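# A look at the structure
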Amino acid sequence: MSELRVDNLRMNFQVAAGHEHRVEAITRRALDLTAERLPMHLTDTGDLESLAVAPIQLRLGAMSNEEAADQMAAAILEALALQLKA
């Protein structure tokens, strides 16, 4: 099984007024989903120093925490796959 350790996570939420209280729960769930799905997509994450994930738009007013976390996890996994192909 692969292991991915996140030492530092920097995120930028814009236009999240009124949804600030959801950000931590969404982020934690996104990382959980990433960990759950990692073995399905990648067998060796190598020795990654850093990973840049493409910006995604989350319309927090129109989506559940699970939907937002799912989109974040998908973006993280896509970035990992692209990085490992390089």
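Residues numbered from 1 in each chain as written. Predicted model: local features only at pLDDT ≥ 70, side-chain atom pairs only at ≥ 80, totals over all residues. Heavy atoms only, no water.

Helix and strand content of the protein: two helices and zero strands. The burial tally for the protein puts 28% of its 86 residues in the buried class. Contacts in the protein between residues at least 24 apart in sequence constitute 78% of all its contacts with a sequence separation of at least 6. When the accessible surface of the protein is summed, it comes to about 6,500 Å², and 49% of that surface belongs to carbon and sulfur atoms. (Helix = DSSP H or I, 4+ residues; strand = E, 2+ residues; numbered from the N terminus. Buried < 20%, exposed > 50% of the residue type's maximum accessible area, 1.4 Å probe, protein only. Contact = heavy atoms within 4.5 Å. Areas by Shrake-Rupley, 256 points an atom, 1.4 Å probe, with all protein chains shown as cover.)

Positionally, Thr-27 belongs in helix 1 (residues 20–41). Given a relative accessible area of 12%, Thr-27 falls into the buried group. Leaving out residues up to four positions away in the same chain, Thr-27 has contacts with Leu-9, Met-11, Phe-13 and Met-72.

Moving on, we get to the pattern of salt bridges. Here the structure, examined in full by the defined rule, presents four salt bridges. Across the pair Glu-24 and Arg-28 runs a salt bridge whose closest N-O atoms are separated by 2.9 Å. With Glu-24 and Arg-28 both in helix 1 and four residues apart, the pair spans about one turn of that helix. Neither Glu-24 nor Arg-28 differs from the other in exposure class; each is exposed. (Salt bridge = Lys/Arg side-chain N within 4 Å of Asp/Glu carboxyl O.)

What follows covers helix 2 (residues 65–85). Taking 1.5 Å per residue as the helical rise, helix 2 with its 21 residues ought to reach 30 Å, and the 30 Å between its terminal C-alpha atoms agrees with that figure. Within helix 2, burial applies to Ala-68, Ala-69, Met-72, Ala-73, Ala-75, Ile-76, Leu-77, Ala-79 and Leu-80. (Expected span 1.5 Å × (residues − 1).)

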